[in-house]
Amino acid sequence: MTDVLMIPMTTVDVEPEEGAPAPDRLIDGSPKFRTWNVEETDGGVYAGIWEATPGKWRIEYDEWEYCRILDGVSIITQDDGAALTVRAGDSFILRPGFKGSWEVVETTRKEYVIRL
């Protein structure tokens, strides 16, 4: 094993995992996900790239997630109605306890770092 202190955030050598929202969380459309997990540690830190096609579903977070939108447009709405529209270049954090919905308006790709 090679000790590497820096890992580029690229999908070149990583096979994507494919998925979709759980049926009981789906609100609209038929969104599909692709996730490239670039880094996973035993300490509960994950990093990679995630992509979703248009649709809307419920989300609930038990972990911290930092996101930076690379492409597309999405609307993230809290249960209290507060909404955030995110586009390429936008960064944000979703905290544990967040409940609401994620709506992909245009296919969205993001970099993420999750801490459990």
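Just so it is clear, the structure is predicted and the values come from calculations on it, not from any experiment.

So, about the overall build of the protein chain. When helices and strands are counted, the protein chain shows 0 helices and 9 strands. Beginning at the N terminus, the succession of helices and strands in the protein chain can be written as β-β-β-β-β-β-β-β-β. Within the protein chain, the fraction of its 116 residues that count as buried is 34%. When contacts within the protein chain are restricted to residue pairs at least 6 apart in sequence, those whose partners lie at least 24 apart make up 64%. Entry remark: accessible area of the protein chain is about 7300 Å², with carbon and sulfur atoms responsible for 49%.

Let's shift gears to the side chain of Ser-74. Within the element layout of this structure, Ser-74 appears in strand 6 (residues 64-78). In this structure Ser-74 comes out as buried when scored by relative accessible area, which is 0%. Only 2.8 Å separates the side chain of Ser-74 from the side chain of Thr-108, close enough to count as a polar contact. Setting aside residues up to four positions removed in sequence, Ser-74 forms contacts with Leu-84, Thr-85, Val-86, Trp-102, Glu-103, Val-104, Val-105 and Thr-108.

One pass over the structure, following the stated rule, counts 5 salt bridges. Salt-bridge contacts for Arg-34 lead to Glu-51; the nearest nitrogen and oxygen are separated by 2.9 Å. Taken together, the positions of Arg-34 in strand 3 (residues 33-40) and Glu-51 in strand 4 (residues 45-52) put the pair 17 residues apart, joining distant regions of the chain. Of the charged contacts in the structure, one is a salt bridge between Glu-111 and Arg-68, with a shortest N-O distance of 3.0 Å. Taken as a pair, Glu-111 in strand 9 (residues 99-115) and Arg-68 in strand 6 lie far apart in primary sequence, 43 residues in all. Since its relative accessible area comes to 17%, Glu-111 is described here as buried. The structure contains a network of salt bridges with shared partners spanning Arg-34, Glu-51 and Arg-109.

Attention now goes to the pairing of strand 9. Pairing analysis gives 8 bridges linking strand 4 to strand 9, with the strands arranged antiparallel. Residue pairing in the sheet places Ala-47 in a bridge with Val-113 of strand 9. Sheet topology places strand 5 (residues 55-60) next to strand 9; 6 bridges connect them, and they run antiparallel. Bridging from a neighbouring strand, Ile-59 pairs with Gly-100 of strand 9. Here 13 bridges tie strand 6 to strand 9, and the two strands are oriented antiparallel to one another. Following the sheet pairing, Tyr-66 is matched in strand 9 by Val-113.

Thresholds applied
Residues numbered from 1 in each chain as written. Predicted model: local features only at pLDDT ≥ 70, side-chain atom pairs only at ≥ 80, totals over all residues. Heavy atoms only, no water. Helix = DSSP H or I, 4+ residues; strand = E, 2+ residues; numbered from the N terminus. Buried < 20%, exposed > 50% of the residue type's maximum accessible area, 1.4 Å probe, protein only. Contact = heavy atoms within 4.5 Å. Areas by Shrake-Rupley, 256 points an atom, 1.4 Å probe, with all protein chains shown as cover. Polar contact = N/O pair within 3.5 Å; in protein donor to acceptor, adjacent residues only side chain to side chain. Salt bridge = Lys/Arg side-chain N within 4 Å of Asp/Glu carboxyl O. Pairing = 2+ DSSP bridges.

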